[in-house]
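In case you want the letters, here they are:
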Amino acid sequence: MAAGTYIGWSAEARRRNIRFIAYNTRFLILPWVTVPHLASHLLGRMARLLSQDWERLYGHPIYFLETFVDPERFRGTCYRAANWVMLGRTTGRGKDDHTNRPNRSIKEVLALPVHRRFRELLQEAGA
């Protein structure tokens, strides 16, 4: 299931509201750091603070977080421990695909709603 399916938004609502989704590109805790539950703790704290920080900097909140995990290299355990939900897998084509053929590794899509009314807010075409 893609994030769009999970959210349930139209193409127009997606175009207008994509700015309310933050994409987590990298998250790394070096292997020699051995603090129990540190990764899930940091992800949870980030999720609680991100929307208000984003609003202060960019003038609007965040309702939904998304990330991609390469299952051939990582398990995404810290995301799951921080209550992120696996929505499915990518097609391996990337967001700027022009060939309709896979050209990169297939990733797992994980997401975390950060507002209880995220679907309603993201589905609004007039936002």
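Everything numeric in this text was worked out from a predicted model, so none of it was measured.

Asker: When you look at helix α3 (residues 38-58) in this model, what are you seeing that I'm missing?
Answerer: Quick reminder: α-helices carry 3.6 residues per turn. Residues three or four places apart thus point the same way. Its 21 residues place the ends of α3 28 Å apart at the C-alpha level, agreeing with the 30 Å of an ideal helix rising 1.5 Å per residue. At L50, α3 shows its largest kink, close to 40 degrees. Among the residues making up α3, those that are buried are A39, S40, L43, G44, A47, L50 and S51. Backbone geometry just after α3 places G59 at a positive phi near 85 degrees.

Asker: Explain the confidence of the model for the protein here, please?
Answerer: Atom-level detail of predicted coordinates should not be read off regions where pLDDT is low. Overall, the predicted model of the protein reaches an average pLDDT of 88, with 90% of residues at or above 70. Taken element by element, the protein is modelled with least confidence in helix α1 (residues 3-7), mean pLDDT 83, and with most confidence in strand β4 (residues 108-113), mean pLDDT 95.

Asker: What am I meant to see in the pairing of β4 here?
Answerer: Two faces make up the sheet, and in a regular strand the side chains alternate between them. A large share of β4 lies buried, amounting to five of its six residues. Strand direction decides the pairing type here: strand β2 (residues 64-69) and β4, joined by six bridges, are antiparallel. Note on β4: the bridge partner recorded for E66 is A111. Pairing of strand β3 (residues 85-89) with β4 involves four bridges; the strand directions are antiparallel. The residue of β4 that forms the bridge with M86 is L110.

Asker: What is the right way to read the nonpolar core from this model?
Answerer: Soluble, globular proteins show a tendency: their nonpolar side chains are buried together. By size, the foremost hydrophobic cluster in this structure holds 15 residues, and its most contacted members are I7, F64, L87, F118 and L122. Counting residues per element, the ones that place at least two in this core are α1, β4 and α5 (118-123). Those residues within four positions of F118 in sequence are excluded, and the remaining contacts are Y6, I7, Y63, F64 and P113.

Asker: Help me understand the packing of aromatic side chains in this model?
Answerer: For any pair of aromatic rings, the description consists of the separation of the ring centres together with the inter-plane angle of the planes. All chains considered together, the criterion is met by eight aromatic pairs. In this structure an aromatic cluster arises from ring pairing among Y6, F64 and F118. Cation over ring: R119 sits above Y6, and NZ or CZ is 4.5 Å from the ring centre.

Asker: Can you walk me through the environment of H60 in this structure?
Answerer: Within the fold, H60 resides in the loop between α3 and β2. For H60, a relative accessible area of 13% gives the class buried. The spacing of H60 and R19 is 41 residues in sequence and 8.5 Å in space, taken between C-alpha atoms. Ignoring sequence-local partners within four residues, the contact set of H60 consists of R19, F20, W54 and E55.

Conventions and cut-offs
- Residues numbered from 1 in each chain as written.
- Predicted model: local features only at pLDDT ≥ 70, side-chain atom pairs only at ≥ 80, totals over all residues.
- Heavy atoms only, no water.
- Helix = DSSP H or I, 4+ residues; strand = E, 2+ residues; numbered from the N terminus.
- Expected span 1.5 Å × (residues − 1).
- Bend = angle between axes of the 7 residues up to and from the residue.
- Buried < 20%, exposed > 50% of the residue type's maximum accessible area, 1.4 Å probe, protein only.
- pLDDT = per-residue confidence, 0-100.
- Pairing = 2+ DSSP bridges.
- Core = buried A, V, L, I, M, F, W, Y, C linked by side-chain atoms within 4.5 Å.
- Contact = heavy atoms within 4.5 Å.
- Phe/Tyr/Trp six-rings, centres within 6.5 Å; stacked < 30°, edge-to-face > 60°.
- Lys NZ or Arg CZ within 6 Å of the ring centre and 35° of its normal.

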